Amino acid sequence: MPLQATTEQKPVFNNKMLVVVPPHALIKHWVSVLRNEQTPPPIFKNAMAELGRLLMYEASRDWLPTITGEIQSPLGPASAEFIDPQEAVAVVPILRAGLALAEHASSVLPATKTYHLGVSRDEETLQPTVYLNKLPEKFSKGTRVFIVDPMLATGKIVLLYIL
């Protein structure tokens, strides 16, 4: 059976970024660990890694293109579904805090490419300033882009550089 690609388009709401916090007990747990001022640094780092892995899993749940085909299992031929390696998946951590979330993205998503965007806030104007932009001029059509930033407030930077 030849491999066939399938994709599902997600609705866009007035070209605005939609933020969803999955109601998963482990996500709530790790967010609580991160918010606790008594969490020691090694536990905090582990919590960021676990949260990054879980959020990447949840964010990609119904969004990745797949290919189907047939494999040989120990019991005989079986239908199989894999993430399509021909479709581009990009992870963009907003530096520096986003690195902790993006660190384990490759353990969840096969064949990702990482791009970096460094942003700081001007203390006088409170406006964001980009000090590093390693994004491509344009993402190729169909590229799935995951923006990772645990310090997301208004989303202005994401909208400014990604849309």
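Up top you'll find the structure we're talking about.
Treat the numbers as computed from the prediction; the structure is a model and nothing was measured.

Trainee: Would you explain the packing of aromatic side chains in this entry?
Mentor: In this description, a pair of aromatic rings is defined by centroid distance and the angle of the planes. This structure, assessed with the given rule, holds two aromatic pairs. Relative to F146, the ring of W63 lies with its centre 4.9 Å away and its plane at 90°, an arrangement referred to as edge-to-face. Linking W63 in the loop between α2 (41–59) and β2 (66–73) with F146 in strand β8 (residues 144–148), this pair joins segments that are 83 residues apart in sequence. Given the relative accessible area of 26%, W63 is considered partly exposed. Residue F146 is classed as buried on the basis of its relative accessible area of 6%. On the numbers, 5.5 Å between centres and 85° between planes, the contact of Y115 with F139 is edge-to-face. Taken together, the residues span a long stretch of sequence, with Y115 in the loop between β5 (112–114) and β6 (117–121) and F139 in the loop between β7 (128–133) and β8 at a distance of 24 residues.

Trainee: I tried to follow the packing of helix α1 (residues 25–35) against α2 on my own but got confused; where do I start?
Mentor: A pair of packed helices can be characterised by two numbers: the angle between their axes and the separation between those axes. The N-to-C vectors of α1 and α2 enclose an angle of 150°; their axes lie 9 Å apart at closest approach. Classed by the angle they form, the pair α1 and α2 counts as roughly antiparallel. When the axes of α1 and α2 are compared, the crossing they make is left-handed. Between α1 and α2, the residues in contact are L26, I27, W30, V31, V33 and L34 and I43, F44, N46, A47, M48, E50, L51, L54, L55 and E58, respectively. Counted by class, the contact of α1 with α2 contains 13 nonpolar, one polar and two charged residues.

Trainee: Honestly, the environment of D122 in this entry has me stumped. Any pointers?
Mentor: Inspection of the secondary structure puts D122 in the loop between β6 and β7. When sequence neighbours within four positions are dropped, the list of residues in contact with D122 reads Q127 and T129.

What counts and what doesn't
Residues numbered from 1 in each chain as written. Predicted model: local features only at pLDDT ≥ 70, side-chain atom pairs only at ≥ 80, totals over all residues. Heavy atoms only, no water. Phe/Tyr/Trp six-rings, centres within 6.5 Å; stacked < 30°, edge-to-face > 60°. Helix = DSSP H or I, 4+ residues; strand = E, 2+ residues; numbered from the N terminus. Buried < 20%, exposed > 50% of the residue type's maximum accessible area, 1.4 Å probe, protein only. Axes fitted to C-alpha atoms, helices over the stretch in contact; angles between N-to-C directions. Parallel < 35°, antiparallel > 145°, perpendicular 65-115°, else oblique. Left-handed = near helix turned anticlockwise from the far one by under 90°. Contact = heavy atoms within 4.5 Å. Nonpolar A, V, L, I, M, F, W, Y, C, P; charged D, E, K, R; others polar.

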